[in-house]
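In case you want the letters, here they are:
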Amino acid sequence: MDSSADKKLQKVPKVAKVKNKTPAEIQITAEQLLREAKERDLEIVPPPPKQKISDPDELAEYQLRKRKAFEDSIRKNRAVISNWIKYAQWEESQKEIQRARSVYERALDVDHRNVTLWLKYAEMEMRHRQVNHARNLWDRAVSILPRVNQFWYKYSYMEEMLGNIPGTRQIFERWMEWEPDEQPWLTYIKFELRYKELERARNIYERFVIVHPEIKNWIRYARFEEQNGYISNARKVFERAVEFYGEEYMDEKLFVAFAKFEENQREHDRVRVIYKYALDHIPKEKAQELFKNYTIHEKKYGDRAGIEDVIVSKRRFQYEEEVKSNPHNYDAWFDYLRLMESEGNIDVTREVYERSIANVPPSKEKRYWRRYVYLWINYALYEELEVGDMDQTRQVYQACLQLIPHKVFTFAKIWLLAAQFEIRQKNLTAARKLLFAELETILGDIGRARAIYEIAINQPRLDMPEVIWKGYIDFEIEQEEFENARQLYERLLERTQHVKVWISFAKFEQTYNTTEQARHVYEKANKALQHSEEKEERLMLLEAWKDFEEKYGDGLSIEKVEKQLPKKVKKRKKIQTETGADGGWEEYYDYIFPTNEAAQPHLRLLEMAKKWKQQHDISEVVPASSDC
């Protein structure tokens, strides 16, 4: 029994076989084990025991060991400036200022543009009251890195704390020569104000607004003058700022500040002038604050008229927006013009009228022009009745009559109003020109209209005869009486040989007859103008003739015209003063036509000399032989 029991006890238990040999989803790594050990404080190394050094030899040994460690770390990587700083700070803690200074100097040799290095070095010198060393160090720093504002701040602060006010001012002046950003200038100004140096502060502001001409800086300058009781100076600063920016760079912030300054001085009339000027010159979309402040001012200090001015300004803004979005909205222009006329400013009203009539209807259909024409009528009546400028009224009527396409449609009302105006001015001749012939044409009495035109062109004295002749010729063309129009041209050429009449006649023949007849007119005109002293008129005719031939002619006809074109020659003539003295020579250009050139043999001689010179120059360039 015992042996069997022992055998049972001696049996080894069976090990369970692993059926799933795939890797577990969560793997345990060595990094995880180390992290968990650190979290459970299993690997915390106790700090080394503090050593108390009481023996000089032991201290020397400790210092030697530390210096060797710092030098080794620096030798491994000289570019790591933090190692240098730690080294220098340790030397400072050992009261070894000269050694610390040596470390800083060595570090500057490695990287002289490191801002932190300069700051730590200079702060060490200041902590140990080494003023001259610190001063020299700051001076070196601002010379090497003048754009680092921190150096200048600390340098000026150190000198001020030492009571060296002239030295501090000198530092600021050196700093300002580099034209830094805004804050250094303001710091300099505050420095001068701490010592009640108002005139110096003013001079700094003068330079400041030139280097940094932002609006806020001009406002700062003006407030400086105001706070110190220099009201007239503050006003001059604002005025200079307005002049400085001009009309191209105006900003509402400047005018709001200017107006509030005048409001503080109880100069309410000045405030209104400022607001009105700004609202007239600043684009309306950039003037919301102006409107707001202007309204508040008038509600506080203004009367009914002042409040109405603000309302008018707002309405002007609304009308400007309307006509800007749709320039052909003539009803908006009428409302705008009524508002301007009620204000009584002639120049501004005239400008709005000019802007309104510039928006000509895009289509030549009378229904689109009916509303537009009344802009011209109102403009003329305003100039006559409100302004009293008769010349301007006449110009308005004339411009309107020239603009209307009478061949398509016309407006009898314009002719009647223009004629009635001339009658009021007792200018019956001009009234006849405007009224009777056109009226007869409109009424359909052709014969009577023709008779009136005949009477008009036979008047001995006419202010503008070309208008009457042109109107008569256009009248015959409209009636399709082309032979009558041709006879009118010939009658007109008997009175004047002006080149524009010839060109107009040729274009008439070109349009209503044949090109051959138009060419004949050009030829007659050229012969008629051959002996004219107005050479530019003949040149104008030939150029018009050449354009005609290029369009309707052939190579021979074009060559015929080109042969008659003149040469442009530079000449000189003597100038005599009013007293008869010699005034030197003056150069001018003259035109020599081929017909005149034949009559002047010296011109042909000059031409031959010019050709010989050209051939001579060419022969000098060509090699003597071809062997090379």
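## Comments concerning the overall build of the protein
Item 1. A tally of helices and strands in the protein yields 32 helices and two strands.
Item 2. Put simply, the protein has 628 residues, and 36% of those count as buried.
Item 3. Approximately 40500 Å² of the protein is accessible, and the part contributed by carbon and sulfur atoms is 51%.

## Details of the packing of aromatic side chains
Item 1. A full pass over the atoms with the stated rule returns 35 aromatic pairs.
Item 2. Here F172 and Y188 contribute two aromatic rings whose centre-to-centre distance is 4.8 Å and whose plane-to-plane angle is 5°, an arrangement assigned as stacked. Within this pair, whereas F172 is found in helix 9 (residues 165–176), its partner Y188 is found in helix 10 (residues 182–194), the two being separated by 16 residues in sequence.
Item 3. A residue is classified by how much of its surface remains accessible, and F172, at 2% relative accessible area, is buried.
Item 4. The class of Y188 is buried, set by a relative accessible area of 1%.
Item 5. Pairwise contacts between aromatic rings join W152, Y153, F172, W175, Y188, F191 and Y195 into one cluster.
Item 6. The lysine or arginine in question, R202, covers the ring of Y230, its NZ or CZ lying 4.7 Å from the ring centre.

## Observations regarding helix 14 (residues 252–264)
Item 1. Spanning 13 residues, helix 14 covers 18 Å between terminal C-alpha atoms, matching the ideal 18 Å at 1.5 Å per step.
Item 2. Taken across its 13 residues, helix 14 has ten buried, putting it largely inside the fold.
Item 3. Turning to helix 14, its buried residues number three or more, namely E252, L254, F255, V256, A257, F258, A259, F261, E262 and E263.
Item 4. Looking at the buried side of helix 14, the elements it contacts are helix 12 (215–227), helix 13 (231–245), helix 15 (268–281) and helix 16 (288–301).
Item 5. Of the residues that open helix 14, the one with a side-chain oxygen 2.8 Å from the backbone nitrogen of K253 is D251.

## Topic: the nonpolar core
Item 1. Formed by 76 residues in total, the largest nonpolar core has its most connected members in F151, F238, L254, F255 and L290.
Item 2. Per-element accounting of this core gives the leading share, seven residues, to helix 14.
Item 3. Apart from residues no more than four positions distant in its own chain, F238 is found in contact with I219, A222, L254, A257, F258 and F261.
Item 4. Core analysis: the next-biggest nonpolar cluster, separate from the first, contains 35 residues, Y336, L375, Y379 and A380 among them.

## Some points on a negative patch on the surface
Item 1. A cluster of acidic side chains, namely D55, D57, E58 and E61, defines a negative patch on the protein surface.
Item 2. Looking at the element boundaries, E58 is found in helix 3 (residues 56–76).
Item 3. Assessed through its relative accessible area of 34%, E58 is described here as partly exposed.

## Side note on helix 13
Item 1. Along its 15 residues, helix 13 runs 22 Å from first to last C-alpha, staying within 8% of the 21 Å computed at 1.5 Å per residue.
Item 2. Here helix 13 has its buried residues at A234, R235, V237, F238, A241, V242 and Y245. Taken around the axis of helix 13, the buried residues stretch over an arc of 155°, which confines them to a single face. Turned more than 90 degrees away from the buried face of helix 13, the exposed residues are K236 and E243.
Item 3. Where helix 13 is buried, its residues meet helix 12, helix 14 and helix 15.

## A look at the packing of helix 5 (residues 97–110) against helix 6 (residues 115–127)
Item 1. Between helix 5 and helix 6, whose axes approach to 10 Å, the crossing angle comes to 160°. As far as their axial angle goes, helix 6 and helix 5 are roughly antiparallel. In this structure, helix 5 meets helix 6 at a crossing whose hand is left-handed. For the pair helix 5 and helix 6, contact is made by I97, A100, R101, Y104, E105, A107 and L108 and by L117, W118, K120, Y121, M124 and E125, respectively.

## Things to note about the packing of helix 15 against helix 16
Item 1. Here helix 15 crosses helix 16 at 155°, and the two axes come no closer than 11 Å. As judged from the angle between their axes, helix 15 and helix 16 are roughly antiparallel. Crossing of helix 15 against helix 16: the hand is left-handed. Judged by residue contacts, H268, V271, R272, Y275, K276, A278 and L279 of helix 15 engage L290, F291, N293, Y294, H297, E298 and Y301 from helix 16.
Item 2. Its residues placed into classes, the contact of helix 15 with helix 16 shows eight nonpolar, three polar and three charged.

## Quick word on the confidence of the model for the protein
Low pLDDT means the predicted coordinates in that region are not meant to be read closely.
Item 1. This prediction gives the protein a mean pLDDT of 80; 79% of its residues lie at or above 70.
Item 2. For residues 618–628, every residue scores under 50 in pLDDT, and the model assigns this stretch zero contacts once sequence neighbours within four places are set aside.

## Comments concerning the side chain of E549
Item 1. Here E549 shows up in helix 29 (residues 535–552).
Item 2. E549 sits in the buried class, given a relative accessible area of 1%.
Item 3. Non-local contacts of E549, meaning those with residues more than four positions away in its chain, are made with R519, D554, S557, I558 and V561.

## Brief notes about the pattern of salt bridges
Item 1. Counted by the stated rule, this structure contains 38 salt bridges.
Item 2. The shortest N-O distance in the salt bridge between K154 and E123 comes to 3.8 Å. Highlighted residues: K154 in helix 8 (residues 149–161) and E123 in helix 6, separated in sequence by 31 residues.
Item 3. A relative accessible area of 23% places E123 in the partly exposed class.
Item 4. Salt-bridge contacts for E192 lead to R169; the nearest nitrogen and oxygen are separated by 2.8 Å. Of this pair, E192 sits in helix 10 while R169 sits in helix 9, and the two are 23 residues apart along the sequence. R169 shares its class with E192; the two are buried.
Item 5. Overlapping salt bridges, with partners in common, bring together K68, D72 and R75 in one network.

So, how was this worked out
- Residues numbered from 1 in each chain as written.
- Predicted model: local features only at pLDDT ≥ 70, side-chain atom pairs only at ≥ 80, totals over all residues.
- Heavy atoms only, no water.
- Helix = DSSP H or I, 4+ residues; strand = E, 2+ residues; numbered from the N terminus.
- Buried < 20%, exposed > 50% of the residue type's maximum accessible area, 1.4 Å probe, protein only.
- Areas by Shrake-Rupley, 256 points an atom, 1.4 Å probe, with all protein chains shown as cover.
- Phe/Tyr/Trp six-rings, centres within 6.5 Å; stacked < 30°, edge-to-face > 60°.
- Lys NZ or Arg CZ within 6 Å of the ring centre and 35° of its normal.
- Expected span 1.5 Å × (residues − 1).
- Contact = heavy atoms within 4.5 Å.
- Polar contact = N/O pair within 3.5 Å; in protein donor to acceptor, adjacent residues only side chain to side chain.
- Core = buried A, V, L, I, M, F, W, Y, C linked by side-chain atoms within 4.5 Å.
- Patch = residues over 30% accessible without salt bridge, like charges linked within 9 Å, V, L, I, M, F, W, Y side chains within 5 Å.
- Salt bridge = Lys/Arg side-chain N within 4 Å of Asp/Glu carboxyl O.
- Lys, Arg positive; Asp, Glu negative; His and termini not counted.
- Charge placed at Lys NZ, Arg CZ, Asp CG, Glu CD.
- Arc of directions from axis to C-beta.
- Axes fitted to C-alpha atoms, helices over the stretch in contact; angles between N-to-C directions.
- Parallel < 35°, antiparallel > 145°, perpendicular 65-115°, else oblique.
- Left-handed = near helix turned anticlockwise from the far one by under 90°.
- Nonpolar A, V, L, I, M, F, W, Y, C, P; charged D, E, K, R; others polar.
- pLDDT = per-residue confidence, 0-100.

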